[in-house]
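Given next are the chains, with one letter for each unit.
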Amino acid sequence: MRKDEFNPELHNRLVTAESTQHSALSTQHSYWRSLDELADTPEFREWLHREFPRGAAVWEESQSVSRRQFLKLMGASMMLAGLSACNFGPPNEKIVPYVRQPEDLVLGKPLYYTSAFSLSGYATGLLVESHTGRPIKVEGNPDHPSSLGATDAFAQASVLSLYDPDRSQTVVHNQSRSDWDSFVREFRAALDPIRGRQGAGLRILAETVNSPTLAEQLQTVLTQMPSAKWHQYEPINRDNVRAGATLAFGQDVETVYHLDKADVILALDADFLSCGGGTLRYAREFATRRDPQNMNRLYAAEPTLTLTGAKADHRFMVRASEIESFARTVARVLSVDVGGVQNFALTKRMNGLIRDLQAHRGSSLVMAGDYQPPVVHALAHAMNDALGNVGSTLEYREPIHASAVDQMQSLRDLVADIDANKVELLIILGGNPAYSAPADLGFADRLSKVANRVHLSLYSDETSAVCNWHVNAAHYLEAWSDARGHDGTTTILQPLIAPLYGGKSAHELLALITSAAEQSAHDIVRAFWQKKNGPSSGSTTLSTGFDAFWRKALNDGVIANSSARPKSVTLNRDVFKQAQTQTPVSNPPSLEIVFRPDPTLYDGQFANNAWLQELPKPLTKITWDNVALIAPALAQRMNLDNNDVVELKYQNRTVRAPVWLMPGQADNTVVVQLGYGRTRAGKVGDERGYNAYLIRNSNAPWFDVGVEMRKVGDDYALATTQRHQTIEGRNVMRAGTLKEFRANQNFVREMDEHHGGEIIYPEYKYDGYKWGMAINMSACVGCNACVVACQAENNIPVVGKSEVLRDRKMHWLRVDAYYKGTPDEPEAHFQPVPCMHCETAPCEVVCPVAATTHSSEGLNEMTYNRCIGTRYCSNNCPYKVRRFNFFQYTDYETPVLKLLNNPDVTVRSRGVMEKCTYCVQRINRARITAEREGRRIREGEVVTACQAACPTEAIIFGDLNDANSRVVKLKASPLNYAMLAELNTRPRTTYLAELRNLNPEIKDE
């Protein structure tokens, strides 16, 4: 809870809680979810005492409540519940049937189309579900090497962006409504004199281009007009990765990792489980090696806790500026001639790490993060070379991005040309550089010097506001294109719906420059691939013709044999003699600022996506805001607490931000999150959080020393779900080490004092199906893809920040973050918690109207039109997985949002309880198919939304009556346990305890 004054006792207890065991809660169980819980503050105890703290104020009016008062209150609550359930439902609407139903359309049966979702220049393959011409849900394409059938939270939420009513709906000229035809006329008039000067004065600014067709179009522009220039910039780029490869090999290469072959992994500030090229595949490969029979070992060195660091067996808390010296120290012992003088002390823990790498030559892997400078990437390449890992756990391929340039330098060059009055026509293809460009470049202010400025964008955003022309862009689900995955594999993007607002693609805009007549994106993309597969290409597809090739590419979602070719490289062994330390280091250490993309909004492009705004961030569980993360020790020295506002001054620029105490963060480090502080994002994203771009510098875009931080005396209400559904005094986590498991495979079951006993309910024999779920916590990486997938599948509304502050979020599935140990160096764990579908469900016996019942297949079901809103079921649920619609959260008025809803799932109104259903609509869909074919539902035929999205296959669902099903085999594992088994609820959802593969040489120093 927020306190007006600094509480030194709190901080002293945080620092000494582990050693002195002053915390009452820590003596009951070893896991904690928040620093307040660890310290056992009076405010936290009060929070636990009142289950509905902001709704119980009426009870404070008197120390005692009479029977008359109690009945009066209950009568009023029952009346309101009945009114809310009956009288405030969705509006009556007419249903109009097809006059001529499309031939290939079967009502109620979805169709699936292949496409791909791109982020920061890398595509992941998708299967998009469409109902009556409406795309409503995305799944991963199992045939695409970058997705392997999984998705991330950004891809899942992209469907909401398609139907966002705040998307730009028209062409805008000088802030006034216009149209495409008017734009074409004036654009060509402005372009004609430039064309006559061979393109002098024309500049094109694009994000990272991973479309082969778009790359060729841009090259065609430069061929036709050689004096024109093509620039690239986006705030989350791969400049350091490319520069590191060039430093190590003298040329750019694409590094492809094979984590399934790695026994030992060292991540140097590399959060490969969070986001980036190949993340979904890397997470899957990593998780396959967390099996006790053949378990890998992960080391992470990082300045702040990440998903990768949370899964690490051993984690080194290292400031961002010290990662280079850490890497040099490790490399030197591995016989790499690193040159220079490192100032990182070689500790016993590091010696254990190095010996582990040496013992696994050819089966180890060193990865450097995108945020580290080129020299760290070169060091990683050198260490992999010294360990003999090249060709085994990693390989090098040809670059997959066209014109892979230093994007920061490219933006600087564009700014210099603008200052020199060399730019007459600037075309900005996507992105939002007026918002996201580094502050020292002053890009937004300089744009006014360009006579003609065109911005193609999904939203009329900050960049559009300073451009003459804004062209509304088509969403990727509305347009034809192509895109390459992390290994170069190409996918043809096909539209699933006509552009809702007549948007145009980058292909169509560039066609105005390269051709005499307007062309459709379909014709442009098809012509490109027809040329590549024409008579001069020697392609084997000629035997069946291009049409067959095209149909197969659209059907499969991948173009066969399109991955980047392997590349042989030679390490420059003298590179470190030439390149000395590149990172700023202060002695003694001064306060360091670290810039990171926001876990849910990324670089700010998803600011108007309400699903992502309300998605709790994996480690802090904060929603609707960004914060400045600081270590508890730094907070103690500076008299700071959660929600305090500080002023950050860096490079003579300032910004104000609320702070959040982050366990496991390096001392003297403040981490700021990009993506907030938008002013023209839309109704959802405007004026939320602070804009960290205002103090970002192009010379040090990821970290630097010299930031000043001071407390300003204000506080800021942050909505976090970390303390929601706190289960007081109960140890719901099970975790151990691989050594413990091998010594005693029953150690997990022995952790429980109670395993359940006799029950008063009669046993029920399930003759048909018996559905159940198992969640492997060794595989779960806490990425939250399952949460957004559940939201998209089940029409779950957002409630807004004010309701989250009242503990009223609506997610049917949550991923709890637990910590163990001290706040300075904690061990982190993730635990997804859906409805348990208890065999003896406590919620069912207390419902006065039988709204929640048990099915003949073991599902705990909700009948919405019976529910009268007593919330007894929620009070009686020990797992806190039921959600109540306090208000009319669903938008029934905005026409375009009606297209978003899944027709197989009821859209709930206010006044009803809702929760996870095990995706019963998917079960019924499979049942109908099986009954039509006269058979049982097959194993793997029912895949829940959370299971389908999970990149690590941590969630497995199936029929417990099928002895050969995966879920039965997992539940037979000695690692399997039920949460709160002592309560005898007999949940159908159980867990496999998490194991860590600790190095026996490494002990706490």
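Residues numbered from 1 in each chain as written. Predicted model: local features only at pLDDT ≥ 70, side-chain atom pairs only at ≥ 80, totals over all residues. Heavy atoms only, no water.

**Topic: the nonpolar core**
Side chains that are nonpolar tend, in soluble globular proteins, to be buried together.
Argument step 1. If you look at the biggest cluster of nonpolar residues, it comprises 216 residues, and the most contacted ones within it are F272, F326, V330, M383, L648 and V670.
Argument step 2. Here F326 is in contact with L268, A301, F316, V318, F344, M350 and L353, once residues within four sequence places are set aside.
Argument step 3. Counting residues in each nonpolar core, the second largest holds 31 residues, with V184, W230, L425 and L429 among its members. (Core = buried A, V, L, I, M, F, W, Y, C linked by side-chain atoms within 4.5 Å. Buried < 20%, exposed > 50% of the residue type's maximum accessible area, 1.4 Å probe, protein only. Contact = heavy atoms within 4.5 Å.)

**Quick notes on the side chain of E129**
Argument step 1. Looking at the element boundaries, E129 is found in strand 3 (residues 122-131).
Argument step 2. The exposure class of E129 is buried, given its relative accessible area of 2%.
Argument step 3. In this structure the side chain of E129 is engaged in a polar contact, spanning 2.7 Å, whose partner is the side chain of H131.
Argument step 4. Among all residues touching E129, those that are not within four sequence positions of it are P110, L111, Y112, R134, P135, I136, K137 and R925. (Helix = DSSP H or I, 4+ residues; strand = E, 2+ residues; numbered from the N terminus. Polar contact = N/O pair within 3.5 Å; in protein donor to acceptor, adjacent residues only side chain to side chain.)

**What to know about the packing of helix 6 (residues 153-162) against helix 27 (residues 785-793)**
Argument step 1. Viewed as axis vectors pointing N to C, helix 6 and helix 27 meet at an angle of 20°, and their least axial separation amounts to 8 Å. When the axis of helix 6 is compared with that of helix 27, the two are roughly parallel. As for the relative orientation of helix 6 and helix 27, their crossing is left-handed in sense. Contact with helix 6, carried on its side by A153, Q156 and A157, involves A785, V788, A789 and A792 of helix 27 and no other residues of that element.
Argument step 2. When the residues that make up the contact of helix 6 with helix 27 are grouped by side-chain class, the tally is six nonpolar, one polar and no charged. (Axes fitted to C-alpha atoms, helices over the stretch in contact; angles between N-to-C directions. Parallel < 35°, antiparallel > 145°, perpendicular 65-115°, else oblique. Left-handed = near helix turned anticlockwise from the far one by under 90°. Nonpolar A, V, L, I, M, F, W, Y, C, P; charged D, E, K, R; others polar.)

**Some points on the sheet that holds strand 12 (residues 314-317)**
Two pairing modes exist for strands in a sheet, parallel and antiparallel, and in both the strands are linked by backbone hydrogen bonds.
Argument step 1. Pairing is parallel across the open sheet formed by four strands, whose spatial order is 12-11-10-13. The open sheet has two free edges, formed respectively by strand 12 and strand 13 (364-368), since each of these has just one partner strand. Taking the axes of each pair of neighbouring strands and ignoring which way they run, one obtains an average angle of 10° across the sheet.
Argument step 2. For strand 10 (residues 264-268) and strand 11 (residues 297-302), the ladder comprises five bridges, and the chain directions are parallel. Pairing of I265 across the sheet is with L298, part of strand 11.
Argument step 3. Its contacts with the sheet place helix 14 (residues 374-386) against strand 10 and strand 13, and it is angled at close to 170° to strand 13. (Pairing = 2+ DSSP bridges.)

**Side note on the packing of helix 8 (residues 212-224) against helix 19 (residues 506-514)**
Argument step 1. Viewed as axis vectors pointing N to C, helix 8 and helix 19 meet at an angle of 20°, and their least axial separation amounts to 10 Å. For the element pair helix 8 / helix 19, the angle class is roughly parallel. Our pair here, helix 8 against helix 19, has a crossing hand that is left-handed. Two secondary-structure elements touch here, helix 8 through T213, L214, Q217, L218, T220, V221 and Q224 and helix 19 through A506, H507, L510, A511, I513 and T514.

**Topic: the confidence of the model for the chain**
Regions with low pLDDT should not have their predicted coordinates read in detail.
Argument step 1. The predicted model of the chain has a mean per-residue pLDDT of 87, with 86% of residues at 70 or higher.
Argument step 2. Confidence over residues 51-64 falls short of pLDDT 50; this stretch has 17 contacts with residues more than four positions distant or in other chains.
Argument step 3. Predicted confidence is poor over residues 72-88, with pLDDT under 50, and the contacts of this stretch with residues over four places away or in other chains come to 17 contacts. (pLDDT = per-residue confidence, 0-100.)

**With respect to the environment of E857**
Argument step 1. With respect to the helices and strands, E857 occurs in the loop between strand 33 (852-854) and strand 34 (860-862).
Argument step 2. With relative accessibility at 14%, the residue E857 sits in the buried group.
Argument step 3. Sequence spacing of E857 and L960 is 103 residues, and the spatial spacing of their C-alpha atoms is 10.0 Å.
Argument step 4. When neighbours within four sequence positions are excluded, E857 is seen to be in contact with Y766, Y769, K770, W771, I923, R927 and R988.
Argument step 5. Only 2.7 Å separates the side chain of E857 from the side chain of W771, close enough to count as a polar contact.

**Structural notes on the side chain of H314**
Argument step 1. Within the secondary structure layout, H314 lies in strand 12.
Argument step 2. At a separation of 2.8 Å, a polar atom in the side chain of H314 contacts the main-chain amide nitrogen of N999.
Argument step 3. Residues in contact with H314, not counting those within four places in the same chain, are R297, L298, Y299, A300, R349, L998, N999 and I1002.

**What to know about the pattern of salt bridges**
Argument step 1. Under the defined criterion, the tally for this structure stands at 51 salt bridges.
Argument step 2. D313 serves as the salt-bridge partner of R290, at 2.8 Å between the closest nitrogen and oxygen. Separated by 23 residues along the polypeptide, R290 in the loop between helix 10 (279-288) and strand 11 and D313 in the loop between helix 11 (307-311) and strand 12 bring together distant segments of the chain. Of the two residues examined, R290 and D313, each falls in the buried class.
Argument step 3. Of the charged contacts, one joins E994 and R996 as a salt bridge, the two residues approaching to 3.1 Å between their closest N and O atoms.
Argument step 4. The class for E994 is buried, based on a relative accessible area of 2%. (Salt bridge = Lys/Arg side-chain N within 4 Å of Asp/Glu carboxyl O.)

**Describing the pairing of strand 31 (residues 814-820)**
Where a strand is regular, its side chains alternate between the two sheet faces.
Argument step 1. Counting buried positions along strand 31 gives six out of seven residues, so the element sits mostly inside the fold.
Argument step 2. Note: strand 31 against strand 32 (residues 827-833), seven bridges, orientation antiparallel. Paired with R814 across the two strands is V833, which belongs to strand 32.
Argument step 3. Taken together, strand 31 and the strand that follows it, strand 32, pair antiparallel across an intervening segment of six residues, in which G821 is found at a positive phi of about 105°.

**Quick word on helix 12 (residues 323-333)**
Argument step 1. Burial analysis of helix 12 places nine of its eleven residues in the buried class, which makes it a mostly covered element.
Argument step 2. Within helix 12 the residues assigned to the buried category are I323, E324, S325, F326, A327, R328, T329, V330 and A331.
Argument step 3. Of the residues flanking the end of helix 12, it is S335, one or two places downstream, whose phi is positive at about 75°.

**Comments concerning the sheet that holds strand 25 (residues 669-674)**
Argument step 1. Ordered in space as 26-20-25-22-24-23-27, the seven strands form an open sheet in which the pairing is mixed. The open sheet has two edge strands, strand 26 (703-705) and strand 27 (708-715), and neither has a second partner. Strand-to-strand twist across the sheet, computed as the mean angle between neighbouring axes with direction ignored, equals 30°.
Argument step 2. Summarising the sheet, strand 23 (residues 644-650) and strand 24 (residues 653-661) pair through six bridges and their orientation is antiparallel. What sits directly across from Y650, in strand 24, is R653.

**Some remarks on a nonpolar patch on the surface**
Argument step 1. Together, I760, Y761 and V845 make up a nonpolar patch on the protein surface, roughly 340 Å² of accessible area in all.
Argument step 2. Summarising the element assignment, V845 is placed in helix 29 (residues 842-846). (Patch = residues over 30% accessible without salt bridge, like charges linked within 9 Å, V, L, I, M, F, W, Y side chains within 5 Å. Areas by Shrake-Rupley, 256 points an atom, 1.4 Å probe, with all protein chains shown as cover.)

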